[in-house]
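# Coordinate analysis (summary)
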Amino acid sequence: MVTICFQSPSKPIHNIQPKSKLSSQPPYKSQSLVIVTEPEPVFTSVKTFAPATVANLGPGFDFLGCAVDGLGDHVTLHVDPTVRNGEISISEITGTTTKLSFDPHRNCAGIAAMATMKMLGIKSVGVSLALHKGLPLGSGLGSSAASAAAAAVAVNELFGGKLGNDELVLAGLKSEAKVSGFHADNIAPAIMGGFVLIRSYEPLDLKPLRFPLEKDLFFVLVSPDFEAPTKKMRAALAKEIPMAHHVWNSSQAAVLVAAVLEVEPKRAPLIPGMEAVKRAALEAGAFGCTISGVGPTAVAVIDTAEKGFEIGEKMVEAFLKVGNLKSIASVKKLDKIGARLIKSM
Ligand code: HSE
């Protein structure tokens, strides 16, 4: 079947709508129209995984994030003749949280999957989607982005993998904009793996920071029993950055610094014990420690797993002693792959 699509799927989309329009408009309005053939499904079903992510990494507010191995969400997608053509039905939600909407317009995985189907121009096939959550909500580990990334990659793989990373990130951003706020520092690393720098949003310009393959990097993640909704944590931030911070930033020849000066001092007090947890991690030998995304998970970085477990213990103690919060520590590696296909039939 021949359909009209907004651009050749093999090329990345380098254009995006202004933020205010993003959730209601396709992000590629100004791309030239080309006619392509609607892709057929190449499998009857696929299963994908997308990892947890640490956004901001301290100074990188909204422009830097990385993926964490071994934690994340799964999506299974089936071609389903009982679902209307061009549409998605969410058939099952399992895992750490099931209090999510089955309406695909209100579910991170559903929104990203629909955006990906739209980009591919799918009009003749309906699909059903099962979501398995490995990540808790509101933990600061990119839970919504993991669902969106796994769903976008699943749709793309089901129809032959025609879209590139930039397009998949745009599909995921649709979901992030609607659910938690317009920021790509979770969704980009969830799809691409490793460290990703968002050089620009308009147009979207993503720069993977290549971490040496032969080196390992470990993250000590300490998640207290406390929920920090992204929308609320974003609302706590100042809308303007003082000129003095901007000048200082520029003098460092990087955009990294002013954001952390703005973000952390405003957010850390919202998470009981966070300052003490940071101190404990640094005293125990961590290279650095900060809030993961909006929190409440605290993340410390180190180069060996053994040291990671020692640091984790100290951080858990500090959360309890100063913040009166129980927490769980885990030590995970940098995920260098990102969202991937793990099974197809
Ligand atoms: N950059 C985003 C924020 C990350 O800090 O609001 C949310 O996970």
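Residues numbered from 1 in each chain as written. Predicted model: local features only at pLDDT ≥ 70, side-chain atom pairs only at ≥ 80, totals over all residues. Heavy atoms only, no water.

### Here we look at the overall build of the protein
Note the cut-off: Strands are runs of DSSP state E lasting at least two residues, helices are runs of H or I lasting at least four, and both sets are numbered from the N terminus onward. Throughout, a contact is declared for two residues whenever any of their heavy atoms are within 4.5 Å. In these tables, accessible area is a Shrake-Rupley quantity obtained with a 1.4 Å probe, and a residue counts as shielded only by the protein chains included in the view.
A tally of helices and strands in the protein yields 10 helices and 13 strands. A separation of at least 24 residues holds for 74% of the contacts in the protein among residues at least 6 apart in sequence. Counting only carbon and sulfur atoms, one obtains 57% of the accessible surface of the protein, whose full area is about 15,300 Å².

### Here's the deal with the packing of helix H9 (residues 274-283) against helix H10 (residues 305-323)
Basically, it comes down to this: Here an angle of 0 to 180 degrees is reported between the N-to-C directions of two axes, which are lines fitted to C-alpha atoms, with helices fitted over the stretch in contact. For classification purposes, angles smaller than 35 degrees are called roughly parallel, those larger than 145 roughly antiparallel, those between 65 and 115 roughly perpendicular, and all remaining angles oblique. Crossing chirality is assigned from the near helix's rotation relative to the far helix, an anticlockwise turn below a right angle marking it left-handed and a clockwise turn marking it right-handed. For this classification, Asp, Glu, Lys and Arg are treated as charged, while Ala, Val, Leu, Ile, Met, Phe, Trp, Tyr, Cys and Pro are nonpolar and the rest, including Gly, are polar.
Close contact between H9 and H10 brings their axes to 8 Å; oriented N to C, the two are set at 155 degrees. Put simply, H9 runs roughly antiparallel to H10. Where H9 crosses over H10, the two elements pack in a sense that is right-handed. The residues of H10 that touch H9, namely those facing Met274, Ala276, Val277, Ala280 and Ala281, are Ile311, Lys314, Met315, Ala318, Phe319 and Val322. Among the residues making up the contact of H9 with H10, the classes are represented as 10 nonpolar, no polar and 1 charged.

### Looking at the site of the ligand
Defined as follows: Note on terminology: near, applied to a residue and a molecule or strand, indicates that one of the residue's heavy atoms is within 4 Å of it. The definition of a polar contact used here is a pair of N or O atoms within 3.5 Å, where within protein one atom must be able to donate a hydrogen and the other to accept one, and adjacent residues in sequence count solely through side-chain atom pairs. Those domain boundaries reflect an automatic or database domain assignment.
The ligand sits among Ala55, Asn56, Phe61, Asp62, His183, Asp185, Asn186, Arg234, Arg267, Gly293 and Val294. A distance of 2.5 Å separates a nitrogen atom of the ligand from a polar atom in the side chain of Asp62. Expressed as a share of its isolated accessible area of 260 Å², the protein-covered part of the ligand is 98%. If you list the elements that add at least two residues to the shell around the ligand, you get strand S3 (45-56) and strand S4 (60-79). A breakdown of the residues in the shell around the ligand according to their chemical character gives 3 nonpolar, 4 polar and 4 charged. Counting the residues that make up the shell around the ligand, at least three belong to each of domain 2 (45-211 + 336-344) and domain 3 (218-237 + 257-264 + 272-333).

### Comments concerning the side chain of Ser139
Tracing the chain through its elements places Ser139 in the loop between strand S6 (127-133) and helix H3 (143-158). Reaching out from Ser139, the side chain makes a polar contact with the backbone oxygen of Pro136 at a distance of 3.2 Å. Leave out the neighbours within four places in its chain, and Ser139 touches Gly295, Pro296 and Thr297.

### Looking at the confidence of the model for the protein
Note the threshold: Along the chain, pLDDT gives the predictor's confidence residue by residue, from 0 to 100.
For the protein, per-residue confidence averages 84 on the pLDDT scale, and 83% of positions sit at 70 or higher. Long-range and interchain partners of residues 1-35, a stretch whose pLDDT sits below 50, account for 86 contacts in this model, where long-range means more than four residues apart. Segment residues 249-262: pLDDT under 50, and 27 contacts once partners within four positions in sequence are set aside and those in other chains are kept.

### Re the sheet that holds strand S12 (residues 327-333)
Threshold: Two strands pair if DSSP finds at least two bridges between them.
Taken in spatial order, the 4 strands of this open sheet run S10-S11-S9-S12, and their pairing is antiparallel. Each edge of the open sheet carries a strand with a single partner, namely strand S10 (288-291) and S12. Direction aside, the axes of adjacent strands within the sheet are offset by 20 degrees on average. By the bridge criterion, 4 bridges tie S10 to strand S11 (residues 298-302) in an arrangement that is antiparallel. The residue of S11 that forms the bridge with Gly288 is Val301. Seen against the sheet, H9 touches S10 and S11 and runs at an angle of roughly 160 degrees to S10. Its contacts with the sheet put H10 on strand S9 (218-224), S10, S11 and S12, and the angle it makes with S9 is roughly 20 degrees.

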